[in-house]
Amino acid sequence: MSECGGRGGGSSDDAEDEGGGGGGGGPAGSGSLSAAAAGASSAGRLRRGLRGASLMARRRPELLCGAVALGCALLLALKFTCSRAKDVIIPAKPPVSFFSSRSPVLDLFQGQLDYAERVRRDSEVVLLFFYAPWCGQSIAARAEVEQAARQLSDQVLFVAINCWWNQGKCRKQKHFFYFPVIYLYHRSFGPIEYKGPVSAVYIEKFVRRVMTPLVYVPSQSELLDFLSNYEPGVLGYFEFSGSPQPPGYLTFFSSALHSLKKAPCTRFCLCCALSSLQN
């Protein structure tokens, strides 16, 4: 019973407090009446507004037509603006040649990395010049690479690849952090990255070292000259009379190419038969 009383259910005093105008019942009743009156007032204003608009439309129908026409015009303008907003982003223009058509450099300006790999495998020595057409360093290096290519085009294949165009395979497969990037390949060996000055003289000198990584020493005087001018240096002696490729020669040759990647200042010397060195 105490629980039911606690929920405010059964005493007559409580009933009198709730209904009879006591201290607690009065404010609640007045609040309900005020809310109902406010709702009725708002509804009345809305009805009067609609009635006035209807009366105005009957008296002057041209105003209603003008309002409808203005609303339609606003909707059409909004739709046109939204449709034009889609054309703000203009796709990038297709790339153009970076080197002239008369240049000895094969320019793959659409980033055809697969074609570059194919021609590389068919050539003895290849220089790959990866560039971005907007890059100031790439633009400055263009003339230097072209000048070196004019000196070595009969022995070395020079290939330039646009590695910035987002539709090209080079951009999709290579992730360079700077431009330009110069790689050299000697048949299946490589890449050997060139990190020297971007100058035709230095590029040509490095390419020639990749072409002939070994210094051939046919006499004792030239051997002494090598020992006095190159430090550090690696000296290898091979007897070629019995075989054009004696044991260990290919390993020595590959080591010379590896040194161009890690220690370009190291020179590898190839000595011939002992009898010729004694002359």
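Under an unreviewed UniProt entry, the protein chain has the name Thioredoxin domain containing 11 and belongs to Equus caballus.

S.K.: Help me out: how do you make sense of the layout of surface pockets in this one?
M.R.: Remark: the empty space left among the atoms is shown by a probe the size of a water molecule rolled over them. The computed volume of the second largest pocket comes to approximately 200 Å³. If you trace the second largest pocket, you find 14 residues lining it, with P95, P133, N162, W164 and W165 closest to the centre. Its residues assigned to classes, the lining of the second largest pocket comprises 10 nonpolar, 2 polar and 2 charged.

S.K.: Looking at this structure, how should I read helix α5 (residues 113-121)?
M.R.: Every α-helical turn comprises 3.6 residues, leaving residues that sit three or four positions apart pointing alike. Every buried residue of α5 is accounted for by L113, A116, V119 and R120. What you see down the axis of α5 is that its buried residues fit within an arc of 125°, all on one side. The secondary structure elements touched by the buried residues of α5 are β1 (106-108), β2 (125-131), β3 (157-162), α7 (169-173) and β4 (181-186).

S.K.: In this structure, what is going on with the nonpolar core? I would like to understand it.
M.R.: Across soluble globular proteins, nonpolar side chains show a tendency to be buried alongside one another. Ranked by size, the top nonpolar core spans 33 residues in total, and within it L127, F129 and F158 carry the most contacts. Elements supplying a minimum of two residues to this core: β2, α6 (136-152), β3, β4, β5 (189-194), α8 (200-211) and α10 (249-262). Here this core gets 6 residues from one element, more than from any other, and that element is α10. Filtering out sequence-adjacent residues up to four positions away, F129 remains in contact with F98, F99, S138, A141, R142, V145, V159, A160, I161, P180, V181 and I182. Core analysis: the next-biggest nonpolar cluster, separate from the first, contains 17 residues, L108, L113, A116 and C135 among them.

Rules and cut-offs
Residues numbered from 1 in each chain as written. Predicted model: local features only at pLDDT ≥ 70, side-chain atom pairs only at ≥ 80, totals over all residues. Heavy atoms only, no water. 1 Å grid on protein atoms, 1.4 Å probe; cavity = no way out; pocket = protein on both sides within 12 Å on 5 of 7 lines; lining within 4 Å. Points joined across faces, edges and corners; volume = space filled by probe spheres on them. Nonpolar A, V, L, I, M, F, W, Y, C, P; charged D, E, K, R; others polar. Buried < 20%, exposed > 50% of the residue type's maximum accessible area, 1.4 Å probe, protein only. Helix = DSSP H or I, 4+ residues; strand = E, 2+ residues; numbered from the N terminus. Arc of directions from axis to C-beta. Contact = heavy atoms within 4.5 Å. Core = buried A, V, L, I, M, F, W, Y, C linked by side-chain atoms within 4.5 Å.

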